[in-house]
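# Structure assessment
What follows is the residue order along each chain.
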Amino acid sequence: EIYNGETRDSANLVAKLCGHELPDPIVSSGPKLFLRFHSDFSVSFKGFKLEFSKSGMAVETKLSVT
C-alpha cells in the first residue's frame, strides 16, 4: 500500500499493489509518501524493489522499516 503523506490515512491511499506486475509510476502530491509492505508467507521471495526520483531543489531521504 502506498499513501500520500506520512500516515496510513485511508483517504490518501494511492495504490495497493500485489503480485508480479510492475505498476505505473506513482507521483506524490507532496514531499512524503508512506509505504506499507505486508507478506503472508505463502510464497518465499526477497521482498520488493523501490526506485524513486525527485523534482525540486532539495530532498531529504529517510527510510525506516518497522
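Residues numbered from 1 in each chain as written. Predicted model: local features only at pLDDT ≥ 70, side-chain atom pairs only at ≥ 80, totals over all residues. Heavy atoms only, no water.

## As for the packing of aromatic side chains
The geometry of an aromatic ring pair is captured by two quantities: the separation of the ring centres and the angle between the planes. Per the counting criterion, the structure on display carries 1 aromatic pair. Their ring planes at 65 degrees and their centres at 6.1 Å tell us that Tyr3 and Phe34 sit as a pair that is edge-to-face. One end of the pair, Tyr3, is in strand β1 (residues 2-4); the other, Phe34, is in strand β3 (residues 33-35), and 31 residues separate them in sequence. (Phe/Tyr/Trp six-rings, centres within 6.5 Å; stacked < 30°, edge-to-face > 60°. Helix = DSSP H or I, 4+ residues; strand = E, 2+ residues; numbered from the N terminus.)

## Points about the sheet that holds β3
The strands making up a sheet associate through backbone hydrogen bonding, with each pair oriented either parallel or antiparallel. Taken in spatial order, the 3 strands of this open sheet run β2-β1-β3, and their pairing is antiparallel. The two strands at the open ends of the sheet, each matched to only one other strand, are β2 (13-15) and β3. Mean inter-strand twist for the sheet, computed between neighbouring axes without regard to direction, equals 35 degrees. Note: β1 against β3, 3 bridges, orientation antiparallel. Pairing of Ile2 across the sheet is with Leu35, part of β3. (Pairing = 2+ DSSP bridges. Axes fitted to C-alpha atoms, helices over the stretch in contact; angles between N-to-C directions.)

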